[in-house]
Amino acid sequence: PLTAIFFKLVVKYEKGRAETADKRIKITNEVLQGMRIVKFYGWTQKFIDSINEIREVELSWLFKNNVSSSGFGFIFAVFPVINITLTFIAYELLDNDLTVVFVYKTLALFNALTYPLFSLPESISNFVLALVAAKRINNYLNKDEIDTIHLLTNDNTKEKEVKYPIEIKDATFQYSSSINFQLKD
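So, the overall build of the protein chain: which residues are in play, and what are the values?
Helix and strand counts for the protein chain come out as four helices and two strands. Secondary structure elements of the protein chain, listed N to C terminal, follow the sequence α-α-α-α-β-β. For the protein chain, the proportion of its 185 residues judged to be buried stands at 19%. Approximately 15,400 Å² of the protein chain is accessible, and the part contributed by carbon and sulfur atoms is 60%.

Rendered as C-alpha cells:
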C-alpha cells in the first residue's frame, strides 16, 4: 500500500512537471520567434519574468517528484533488511531452531532477490516516465488536422481563412538580361 501511494505521487508529479515544462517551452519559442517585436516594444523583462515564474513552478513539480521518488527508493532499499529480520523473528517465534544452515540458506535466497528488489524502483520510475510520455504523444497525434490557416486581415480586426499562407496578386516579375538561363537535367 505504501508503494502504491508513492507510485501515484510520482505519476502525478511527473505529469505536472511535464505540463509546466510545455508551457515554459511554448513561451520561450514565442519569444524567440518574435524577438524583433519583443525587443522593439521593450517587452524583454516581462517575458523573462513570465518564463522564470513558470520555471519556478516546474522546479517545484520536479522537487516533489524527486522527493516521492526518493521515498519510493528508500522503501525498496530498506525492505530487504526488514524482510530478513522479520523472517528470522517469525521463524524463532514459531518455536523453530535458528540454525546456521537455515540462516545461510535464507541469506542466500534473500541475497539472490536483492538485485531485483533494488532495480524495481528504477524500473517503475522509468515505466512511469514512459507512460506519461506515451499519453502525451497519443494526445498530440489524436488532435484534429489543420486544413486552413487563419490570418489577420490588413486592418487586424478579424480573421479570414485562406487556403495558402502566401498569395501574390497583380505582380510583375523580371530578370536581368545579363543572366543566361539554361535548362538542365
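How would you summarise the nonpolar core if you had to cite specific residues and measurements?
Phe6, Val10, Ala18, Phe72, Ile75, Phe76, Ile124, Val128 and Val132 together form the largest nonpolar core, which totals nine residues. Only helix H1 (2-33), helix H3 (44-93) and helix H4 (100-141) provide two or more residues apiece to this core. Setting aside chain neighbours within four positions, we find Val128 in contact with Phe7, Val10 and Val11.

Before we move on, can you summarise the confidence of the model for the protein chain with the specific residues and values?
A low pLDDT score tells you not to read the predicted coordinates there in detail. Taken as a whole, the protein chain shows an average pLDDT of 79; of its residues, 80% reach a score of 70 or greater. Mean pLDDT across the secondary structure elements of the protein chain bottoms out at strand E1 (residues 149-152), with 51, and peaks at H3, with 87.

So what about the environment of Phe110? Which residues, and what values?
Here Phe110 shows up in helix H4. Here Phe110 is in contact with Asn83, Ile84 and Thr87, once residues within four sequence places are set aside.

Requested: an account of the packing of aromatic side chains, with residues and values cited.
Considering all chains together, one arrives at three aromatic pairs under this definition. Geometrically, the ring pair formed by Tyr91 and Phe102 is stacked, given 3.8 Å between the ring centres and 10° between the ring planes. Note that Tyr91 is positioned in helix H3 and Phe102 in helix H4, a separation of eleven residues in sequence. With a relative accessible area of 22%, Phe102 lands in the partly exposed category. The structure contains a cluster of three or more aromatic residues connected by ring pairs, namely Phe88, Tyr91 and Phe102. One residue, Lys46, lies across the ring of Phe47, its end atom 5.5 Å from the ring centre. When the ring centre of Trp61 is taken as origin, the NZ or CZ atom of Lys64, which lies over that ring, is 5.0 Å away.

Tell me what's going on with the pattern of salt bridges, and back it up with residues and numbers.
Per the stated rule, a full pass over the model turns up five salt bridges. For Arg17, the salt bridge goes to Glu58, with nearest N and O atoms at 4.0 Å. Taken together, the residues span a long stretch of sequence, with Arg17 in helix H1 and Glu58 in helix H3 at a distance of 41 residues. Residues Arg24 and Glu58 are paired through a salt bridge, measuring 2.5 Å at the closest nitrogen-oxygen approach. One end of the pair, Arg24, is in helix H1; the other, Glu58, is in helix H3, and 34 residues separate them in sequence. Bridged by salt links that share partners, the residues Glu14, Arg17, Arg24, Arg55 and Glu58 form one connected network.

Each value, and the rule that gives it
Residues numbered from 1 in each chain as written. Predicted model: local features only at pLDDT ≥ 70, side-chain atom pairs only at ≥ 80, totals over all residues. Heavy atoms only, no water. Helix = DSSP H or I, 4+ residues; strand = E, 2+ residues; numbered from the N terminus. Buried < 20%, exposed > 50% of the residue type's maximum accessible area, 1.4 Å probe, protein only. Areas by Shrake-Rupley, 256 points an atom, 1.4 Å probe, with all protein chains shown as cover. Core = buried A, V, L, I, M, F, W, Y, C linked by side-chain atoms within 4.5 Å. Contact = heavy atoms within 4.5 Å. pLDDT = per-residue confidence, 0-100. Phe/Tyr/Trp six-rings, centres within 6.5 Å; stacked < 30°, edge-to-face > 60°. Lys NZ or Arg CZ within 6 Å of the ring centre and 35° of its normal. Salt bridge = Lys/Arg side-chain N within 4 Å of Asp/Glu carboxyl O.

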